[in-house]
Amino acid sequence: MASSTNKLLKVKIAPSLLSGDFAQLANECQRMLGFGADYLHMDVMDGHFVPNLTLGAPIIKSLRPHTKGFLDCHCMVSNPEQWVDDFSKAGADSYGFHIEATKDAGSLIKKIHEANMRACLVIKPKTPVEAALPYLKDVDMVLIMTVEPGFGGQKFMPEMMPKVTAIRKEFPNLDIQVDGGIDLTNVGLASSAGANVFVAGSSIFHAQSPKDMIAELRKIAESKLNSSLTPSQL
Ligand SMILES: O=C(CO)[C@@H](O)[C@H](O)COP(=O)(O)O
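Since this is a predicted model, take the numbers as computed values, not measurements. (Residues numbered from 1 in each chain as written. Predicted model: local features only at pLDDT ≥ 70, side-chain atom pairs only at ≥ 80, totals over all residues.)

A.B. asks: Is there a simple way to explain the nonpolar core in this structure?
C.D. replies: The nonpolar side chains of soluble globular proteins are, as a tendency, buried together. Tyr-95, Val-142, Val-164 and Phe-198 are the most contacted members of the largest nonpolar core, which has 75 residues in total. Among the elements that line this core, the one with the most residues is helix 8 (residues 210–228), at 6 residues. The contact partners of Tyr-95, leaving out residues within four places of it in the chain, are Cys-73, Cys-75, Val-84, Phe-87, Ile-112, Met-117, Ala-119 and Cys-120. (Core = buried A, V, L, I, M, F, W, Y, C linked by C-beta atoms within 7 Å. Buried ≥ 20, exposed ≤ 12 C-beta atoms within 10 Å, placed from the backbone. Helix = DSSP H or I, 4+ residues; strand = E, 2+ residues; numbered from the N terminus. Contact = placed C-beta atoms within 7 Å.)

A.B. asks: Can you help me understand the site of the ligand in this one?
C.D. replies: Looking at the ligand, there are 22 residues lining it, with Ser-16, Pro-149, Gly-152, Gly-201 and Ser-202 nearest. In terms of residue class, the shell around the ligand is made up of 7 nonpolar, 13 polar and 2 charged. (Near = placed C-beta within 6 Å. Nonpolar A, V, L, I, M, F, W, Y, C, P; charged D, E, K, R; others polar.)

A.B. asks: Looking at this structure, I do not really get the UniProt feature "binding site: a divalent metal cation" (unreviewed entry) in the protein chain. What am I missing?
C.D. replies: Using the residue numbers shown here, the UniProt feature "binding site: a divalent metal cation" (unreviewed entry) corresponds to His-41, Asp-43, His-74 and Asp-179. In terms of the greatest pairwise C-alpha distance, the residues named above, spread along 139 residues, form a tight cluster of at most 10.7 Å across. Positionally, His-41 belongs in strand 2 (residues 39–45). Assessed through the 29 C-beta atoms surrounding it within 10 Å, His-41 is described here as buried. For His-41, the residues in contact, after removing those within four places along its chain, are Ala-14, Pro-15, Ser-16, Leu-17, Asp-72, His-74 and Val-199. By secondary structure assignment, the location of Asp-43 is in strand 2. (UniProt positions renumbered as here; feature names shortened; annotations may be inferred.)

A.B. asks: What's the story with helix 4 (residues 105–114) in this structure? I'm lost.
C.D. replies: Since there are 3.6 residues in each turn of an α-helix, residues three or four apart along the chain are aligned in direction. Taken together, the buried positions of helix 4 are occupied by Ala-105, Leu-108, Ile-109 and Ile-112. Taken down its axis, helix 4 places every buried residue within 100° of arc, on the same side. Away from its buried face, by an angle of more than 90 degrees, helix 4 presents the exposed residues Gly-106, Ser-107 and Glu-114. Contacts made by the buried residues of helix 4 are with helix 3 (84–90), strand 4 (94–98) and strand 5 (118–123). (Arc of directions from axis to C-beta.)

A.B. asks: How should I be thinking about the sheet that holds strand 4 in this particular structure?
C.D. replies: The pairing of strands in a sheet happens through backbone hydrogen bonds and is either parallel or antiparallel. Taken in spatial order, the 8 strands line up as 1-8-7-6-5-4-3-2 in an open sheet, and their pairing is parallel. The open sheet is flanked by strand 1 (12–15) and strand 2, the only strands paired with a single partner. Ignoring strand direction, the axes of neighbouring strands in this sheet form an average angle of 25°. Of the pairings in the sheet, the one linking strand 3 (residues 70–76) to strand 4 comprises 4 bridges and is parallel in character. The residue bridging Cys-75 from the neighbouring strand is Phe-97, located in strand 4. Strand contacts of helix 5 (residues 161–170): strand 6 (141–145) and strand 7 (175–179), with the helix running at about 170° to strand 7, the strand carrying the most contacts. (Pairing = 2+ DSSP bridges. Axes fitted to C-alpha atoms, helices over the stretch in contact; angles between N-to-C directions.)

A.B. asks: Where do I start with unusual backbone geometry in this structure?
C.D. replies: Excluding glycine, residues mostly have negative phi values, and the peptide bonds linking residues are mostly trans. For Asn-116, which is not glycine, the phi torsion reads 65° and is therefore positive. Here Asn-116 shows up in the loop between helix 4 and strand 5.

A.B. asks: How should helix 1 (residues 25–34) be read in this particular structure?
C.D. replies: Those residues of helix 1 not exposed but buried are Glu-28, Cys-29 and Met-32. Relative to the axis of helix 1, the buried residues are bounded by an arc of 100° and lie together on one face.

A.B. asks: Help me out: how do you make sense of the environment of His-66 in this one?
C.D. replies: Here His-66 shows up in the loop between helix 2 (57–63) and strand 3. Residue classification places His-66 among the exposed positions, given that 12 C-beta atoms sit within 10 Å. A sequence separation of 36 residues divides His-66 from Gln-30, and the C-alpha atoms of the two residues are 8.2 Å apart. With residues up to four places along the chain from it excluded, the contact list for His-66 reads Ala-26 and Cys-29.

A.B. asks: Honestly, the pairing of strand 2 in this entry has me stumped. Any pointers?
C.D. replies: When a strand is regular, its side chains alternate between the sheet's two faces. Taken across its 7 residues, strand 2 has 7 buried, putting it largely inside the fold. In strand 2, alternate side chains face the same way, and those of Tyr-39, His-41, Asp-43 and Met-45 on one face and Leu-40, Met-42 and Val-44 on the other are all buried. For strand 2 and strand 3, the ladder comprises 7 bridges, and the chain directions are parallel. Across the sheet, residue His-41 finds its bridge partner in strand 3, namely Asp-72. As a crossover connection, the stretch from strand 2 through helix 2 into strand 3 is right-handed. (Right-handed = clockwise from strand over helix to strand, strands pointing away.)

A.B. asks: Can you walk me through the environment of Asp-43 in this structure?
C.D. replies: Residue Asp-43 is classed as buried on the basis of its C-beta count, with 25 C-beta atoms lying within 10 Å. On a C-alpha basis, the gap between Asp-43 and Ala-195 in space is 19 Å, while along the polypeptide they are 152 residues apart. In this structure Asp-43 touches Ser-16, Leu-18, Thr-54, His-74 and Met-76, once residues within four positions along its chain are discounted.

Below you can see the structure in the form of structure tokens.
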């Protein structure tokens, strides 16, 4: 949860397993952790909230014994309340829900915490940042989508950066995640705006050296992030 003290923000790189080989999911997770990934980003899609179908709690449950990595579950689902207990029992570390999919974000955040997971509030590109602000004091992370959710391989939307800046101004210590089209050409822009957690699918998995790509993304983000913040934010 957000606290009022200021500290140096840590850059975290979260490869999106959506771009990996699902038949080798456990190996892909181990490979990414070996390459220096901080989080393993799991894209949960229900074919209803988004027009694509991927994985659910049973896959997380199967994966859990094979990795100690932080399973950062981004649930692109219509009824996020319905799956909290299943994901918790399956061993998810973080449960990300879309504010567009719930009528009561406050109660949902409470439910996620009671289920011993970190809570991440996610907003789609067309959702104004004002919709998220009232809840951010209670969450562990906010995710600003930089593409329309549903598919990997889309183009980063730089016009989402003012949302990141607005949140960073009010929440100096909150983990701000960006997701969609993140690569070497825009990670600097996103970190300058104040993002510190970077989801990247295509740019990492399709790189000649995913290990070097993770290191490069981190290096750029670290150089821009804390230098862009005012002393009172550090
Ligand atoms: O949530 C999503 C898509 O809905 C993302 O996590 C993407 O899967 C990231 O992939 P790239 O845009 O980096 O290829």
